[in-house]
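Each chain, written out:
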Amino acid sequence: NAAWNLTDRQNEYLCLKNVKLQVRYRRGSSRFRAANSWQPVKIESRADDSSPHGALRTLRVDLKPDPNGLRCTIDFTLPEGYPFLLWKISLENLGAQPLDIERLEMLRVEPRSGGAIFNTPLRNPAFFSNGWQSWSYAGVYGATDRFHCTRLGPLRAPSDVNPGTPRPWRAGHFASDMFAVLGDRISRLTLVTGFLSQQQHFGSLETRINGSHPTLRMWANGDRARLDPGAQIETDWAYLQFIPIDHPDPLGVYLDAVSRQHSLYHSSILSNNPPVGWCSWYQFSSEQYTGTITPANLENNLLAMHQLQSRLPLDIFQIDDGYQAQVGDWAEFSPDFPDGIAPLADKSLSLGLTPGLWLAPFIVHPKSKLATRHPEWLLRGKFGRPVNAGFLWNTFATALDLTHPEALAYAVETVRRAAHDWNFQYLKLDFLYAAALPGRYRDPTRTRAQVLRSGLEALRQAAGEATFLLGCGCPLGSAIGLVDAMRIGPDTHRTWYPNYRGIETLLRREASFPSAYYACHNAITRSAMHRRWWINDPDCLLLRETTSLSEAEVQTVATVIAMCGGSLFVSDDLPNLPSERLRVAQALLPLIGRAPQVLEWFDLETPSRLRLDLENASGAWHLLAFINWDDQPQEITVNLREFGLDPQQSFFAREFWSQKSHRMQRGKLLRDRLPPHGSLLLAVRPLIQNQPQYLGSDLHISQGLEVSGWKVTPRRVEIKLERPGDAEGHIFLSLPSPPKKALLSGEECRWQFNREGVYQFSLKFHQKALLRIHR
Ligand code: 9PG
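Residues numbered from 1 in each chain as written. Predicted model: local features only at pLDDT ≥ 70, side-chain atom pairs only at ≥ 80, totals over all residues. Heavy atoms only, no water.

A. Region of the structure containing the site of the ligand. Close contacts around the ligand come from 14 residues, with Arg156, Asp320, Asp321, Lys428 and Asp491 the closest. With respect to the ligand, the side chain of Asp430 contributes an N or O atom lying 2.9 Å from an oxygen atom. Here the ligand loses 92% of its free accessible area of 450 Å² to cover by the protein chains. For the shell around the ligand, the residue count by class is seven nonpolar, no polar and seven charged. (Near = heavy atom within 4 Å. Polar contact = N/O pair within 3.5 Å; in protein donor to acceptor, adjacent residues only side chain to side chain. Areas by Shrake-Rupley, 256 points an atom, 1.4 Å probe, with all protein chains shown as cover. Nonpolar A, V, L, I, M, F, W, Y, C, P; charged D, E, K, R; others polar.)

What follows is the structure in structure tokens.
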């Protein structure tokens, strides 16, 4: 009856029972469901060695064509070397009439039709949902939570949600895009399921976890793309895996499989270092009320960036929205830019900095020349009107139909010109979802996923391999393997919570609105994608004192950016940035660059504990972040057990923001008072008795990566330090006896023994230094 079961041989609890498959389609205006009437005609088992996942065993089920001539084949595949199941559905139209494919349902588990997951009631079910595109919310929900979903309807829905994915509003009813995790917070087990790519169809998932037996559905959206007589299509591979919640890298197995599917391990995309730079948007845009973008403002910041190189070695000078004549008219400039922007790119190159440019090649302002001169390039809806791409720039924006060859050529030329005529080596390609809006495409046989994927492929080709591409406002799965970096959260903002013209309460749950909080939230919940699918872009760090962010909030944003491993962009007027605030960005460089372990990722709405295990010449240590997401101050007690560390050991901990040191004796915990939205960033090292030990510094946020050499002899300790540019600060050591003498690159170095029983050395050097301590 077109149902299947999956059982783990060792563990009967891990199972799926009575999983249904179904294909929904139309012939003319009649609707059909191909599912129950099928008879398998052939089942064969095959081995295949050529897959990116190594040797596979495939069970192919060929079904008899249905009365309309739709033939369906299902492949179930088990890789020999990985613990997951893959399956896909292929369709062929053997009939005489075209069929419009609505939905290919890969998985439907419903208790009322005998379906079951985990074979036992879930006691505290939860669901991790991944949002549609860069700005959309990703996070975990419990049974009584409500799905994050915009309440602003046609103003925001076109950008924030996939029209094929439901928008549930009842507590316990959730949806997700591309993949999701369903699990139980008590038994600590989860089911990770999704698609390995989004090249053929966009994948949607839906669950109800308000009862003890959850329902789960997963399907590929057919978008009513036409399947002509004789034509075939197949879904992307569906994926399924059981994994414990407390696995150190729970999403890693799935995310890695997706990378392999896109041949990413052979690509330069993952070997790039995360970019560091400056972005104009959060300082110079009318929407931020902080000044407008002008050639003079840009140039002043370019020069400041150059002058600051020895303190803050930012590389990318990224010009954002506002230089162009209109969104859509990319070859013309706003009246403020009579000479265009190529001179700024050249100037930046001549200063040794990488020029970057914002472009939104798929979205169109309705008043642009593009829209008026080429109305035939616009994607249109049912009534022939250009589609709504969201309320932007005080109007309803619209989009190109990339199945029109000239429209695609126009978008391609926009990118080619910026990269090759204007010399921008870094491109921020924004509002990319606009290529995948629902509408009447000129080529009705293509799905929205196919249109977006091939559009992005064309942009990559136009930019060339050497151009760094950042995707933004982009449905995530479509860009894997095509962009170097991806924005994985909403815009940051000068306020903590979403705030639009003073309105805050109504917007509190508008998670894709600009806000520092939701930007941090997604940077954490999507951190596992970093260096697997691309380099994560958590959006900018705003350092100036004139935002509404408290000092604690600025520190939290910096903590999250540093701990999550992605790119770092500052977006302040650099010539006017106070040097204490500059020091925050300085401490983040060079970037740690690695994704952390996110503790309680399945238990808390926004996880508050992050852990990185670091190691270099100075030894091995743990970098632990604790964030107070509460709107109230919190008296917190750090328990190392909560970070997965052995509480029986004695540790030494230094907190970066307060520069306080703590000895954490067995069972003894560190107490601190954290302001609202503040964080602790601890470098924790197991205490070694009677031996010199490096304990930390105020030079780098990791409190250890600044050490490039460490040598202990009976008479000396030699420490090599390395920082980009000029460094000034302190390092902290534990020493069995006071130093006889300390020399920093040959000169006397000041030191003192402080209250915590720690030796503190004051240092000032350029790039490199050798500290020699005679003992
Ligand atoms: C420039 C900006 C910046 C920013 C991008 C993007 O109304 N909206 O839905 C909306 C969402 C995001 C957005 C602007 C508007 O920001 O993320 O960094 O480049 O465009 O316009």
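Picking up after the structure, the text goes on.
B. Looking closely at the sheet that holds strand β33 (residues 597-599). Taken in spatial order, the six strands of this open sheet run β33-β34-β35-β40-β37-β38, and their pairing is antiparallel. If you trace the sheet from one side to the other, it starts and ends with β33 and β38 (660-664), each paired once. Taking the axes of each pair of neighbouring strands and ignoring which way they run, one obtains an average angle of 25 degrees across the sheet. As defined by bridge partners, strand β35 (residues 619-627) adjoins strand β40 (residues 679-686) across six bridges and the pair is classed as antiparallel. Looking at the pairing, Ile627 lines up with Ser679 of β40. (Pairing = 2+ DSSP bridges. Helix = DSSP H or I, 4+ residues; strand = E, 2+ residues; numbered from the N terminus. Axes fitted to C-alpha atoms, helices over the stretch in contact; angles between N-to-C directions.)

C. Geometry of unusual backbone geometry. Cis peptide bonds are those with omega within 30 degrees of zero, and the linkage from Leu589 to Pro590 qualifies with -5 degrees. Relative to the helices and strands, Pro590 is located in the loop between α10 (579-588) and β33. Notably, Asn119 is not glycine yet its phi reads approximately 60 degrees, a positive angle. Mapped onto the secondary structure, Asn119 falls in the loop between β9 (116-117) and β10 (125-129). You will see that Asn423, though not glycine, has its phi angle at about 70 degrees, which is positive. Relative to the assigned elements, Asn423 resides in the loop between α6 (405-421) and β28 (426-429).

D. Structural detail: the packing of helix α8 (residues 516-525) against helix α9 (residues 551-564). One can describe the packing of α8 onto α9 by two numbers: an axis separation of 10 Å at closest approach and a directional angle of 20 degrees. Relative to α9, the element α8 is oriented roughly parallel. Crossing hand, α8 versus α9: left-handed. Contact with α8, carried on its side by Ala516, Cys520, Ala523 and Ile524, involves Val557, Val560 and Cys564 of α9 and no other residues of that element. Its residues placed into classes, the contact of α8 with α9 shows seven nonpolar, no polar and no charged. (Parallel < 35°, antiparallel > 145°, perpendicular 65-115°, else oblique. Left-handed = near helix turned anticlockwise from the far one by under 90°. Contact = heavy atoms within 4.5 Å.)

E. Examining the environment of Leu588 more closely. Summarising the element assignment, Leu588 is placed in helix α10. Relative accessible area serves as the criterion here: at 1%, Leu588 is assigned to the buried category. Excluding its chain neighbours within four sequence positions, the residues that come into contact with Leu588 are Leu541, Ala558, Ile561, Ala562, Leu568, His700 and Ile701. (Buried < 20%, exposed > 50% of the residue type's maximum accessible area, 1.4 Å probe, protein only.)

F. Up close: helix α3 (residues 295-307). Compared with the 18 Å implied by 1.5 Å per residue over 13 residues, the 18 Å span of α3 between its first and last C-alpha is a close match. Burial in α3 covers these residues: Leu298, Asn301, Leu302, Ala304 and Met305. Seen from one end, α3 has its buried residues packed into an arc of 165 degrees, which puts them on one side. (Expected span 1.5 Å × (residues − 1). Arc of directions from axis to C-beta.)

G. Structural view of a nonpolar patch on the surface. Together, Leu155, Phe391 and Phe396 make up an exposed nonpolar region whose accessible area comes to about 250 Å². Mapped onto the secondary structure, Phe396 falls in strand β26 (residues 395-396). On the basis of relative accessibility, which here comes to 40%, the residue Phe396 falls in the partly exposed class. (Patch = residues over 30% accessible without salt bridge, like charges linked within 9 Å, V, L, I, M, F, W, Y side chains within 5 Å. Salt bridge = Lys/Arg side-chain N within 4 Å of Asp/Glu carboxyl O.)

H. Quick peek at the sheet that holds strand β30 (residues 485-487). If you walk across this open sheet you meet the eight strands as β31-β30-β29-β28-β23-β20-β19-β32, and the pairing is parallel. Each edge of the sheet is formed by a strand with only one pairing partner; in this case those strands are β31 (535-537) and β32 (568-570). On average, each strand axis in the sheet is inclined to that of its neighbour by 25 degrees, with strand direction left out of account. The strands touched by helix α4 (residues 342-350) within the sheet are β20 (316-319) and β23 (354-359), with β23 carrying the most contacts at an inclination of about 150 degrees.

I. Broad picture of the packing of α6 against helix α7 (residues 448-463). Two numbers describe how α6 lies on α7: the axes approach to 8 Å, and their chain directions differ by 30 degrees. As judged from the angle between their axes, α6 and α7 are roughly parallel. Our pair here, α6 against α7, has a crossing hand that is right-handed. Counted together, Leu408, Ala411, Val412, Val415, Arg416, Ala419 and His420 of α6 and Gly455, Ala458, Leu459, Ala462 and Ala463 of α7 form the full contact between these two elements. Counted by class, the contact of α6 with α7 contains nine nonpolar, two polar and one charged residues.

J. Main features of α6. The terminal C-alpha atoms of α6, which comprises 17 residues, lie 22 Å apart, in line with the 24 Å expected from a rise of 1.5 Å per residue. For α6, every residue scored as buried is listed here: Ala407, Ala411, Thr414, Val415, Arg417, Ala418 and Ala419. Residues of α6 that are buried in the fold lie against β22 (329-333), β23, β28 and α7. A positive backbone phi angle near 70 degrees is found at Asn423, which sits one or two residues after α6.

K. Looking closely at the pattern of salt bridges. Evaluated as defined, the whole model comprises 35 salt bridges. With a closest N to O distance of 3.1 Å, Arg108 and Glu105 form a salt bridge. Each member of the pair Arg108 and Glu105 is classed as buried. A salt bridge links Asp421 to Arg416, with the nearest nitrogen and oxygen atoms 2.9 Å apart.

L. Spotlight on a positive patch on the surface. A grouping of Arg146, Arg151, Arg508 and Arg509 is seen on the molecular surface, where their side chains present a positively charged patch. With respect to the element layout, Arg146 can be found in the loop between β11 (139-142) and α1 (157-160). On the basis of relative accessible area, Arg146 is assigned to the partly exposed category, the value being 47%. (Lys, Arg positive; Asp, Glu negative; His and termini not counted. Charge placed at Lys NZ, Arg CZ, Asp CG, Glu CD.)

M. Structural detail: the packing of aromatic side chains. Scanning all chains against the criterion turns up 45 aromatic pairs. Taking 6.4 Å as the distance between ring centres and 45 degrees as the angle between the ring planes, the aromatic pair formed by Tyr323 and Phe333 counts as tilted. Taken together, the residues Tyr323 in the loop between β20 and β21 (324-326) and Phe333 in strand β22 connect sequence positions 10 residues apart. Owing to a relative accessible area of 0%, Tyr323 belongs among the buried residues under this scheme. With relative accessibility at 23%, the residue Phe333 sits in the partly exposed group. Cluster of aromatic residues (ring-pair linked, three or more members): Tyr82, Phe84, Phe128, Phe179, Tyr239, Tyr254, Trp533, Trp534, Trp601 and Phe602. Sitting over the ring of Tyr82, Arg260 keeps its end group 3.7 Å from the ring centre. (Phe/Tyr/Trp six-rings, centres within 6.5 Å; stacked < 30°, edge-to-face > 60°. Lys NZ or Arg CZ within 6 Å of the ring centre and 35° of its normal.)

N. Highlighting the side chain of Ser679. With respect to the secondary-structure elements, Ser679 resides in strand β40. Exposure remark for Ser679: the relative accessible area of 4% places this residue in the buried category. Among the polar contacts listed, one links the side chain of Ser679 to the side chain of Thr556, at a separation of 2.9 Å. For Ser679, the side chain forms a polar contact with the side chain of Thr559, separated by 3.4 Å. Discounting residues that sit within four places of it in the chain, Ser679 has contacts with Gln555, Thr556, Thr559, Phe626, Ile627, Glu655, Trp657 and Leu674.

O. Representation of the side chain of Arg532. Along the chain, Arg532 falls in the loop between α8 and β31. The buried category is assigned to Arg532, whose relative accessible area is 14%. A polar side-chain atom of Arg532 sits 2.8 Å from a polar atom in the side chain of Asp256. Those residues within four positions of Arg532 in sequence are excluded, and the remaining contacts are Asp249, Gly252, Leu255, Asp256, Ser259, Leu264 and Leu270.

P. Region of the structure containing the environment of Glu722. Counting through the fold element by element, Glu722 comes out in strand β43 (residues 716-734). Sequence separation of Glu722 and Met563 is 159 residues, and the distance between their C-alpha atoms is 20 Å. Once residues lying within four places of it in the same chain are set aside, the contact partners of Glu722 are Glu706, Ser708, Gln767 and Lys768. Only 3.3 Å separates the side chain of Glu722 from the side chain of Ser708, close enough to count as a polar contact.

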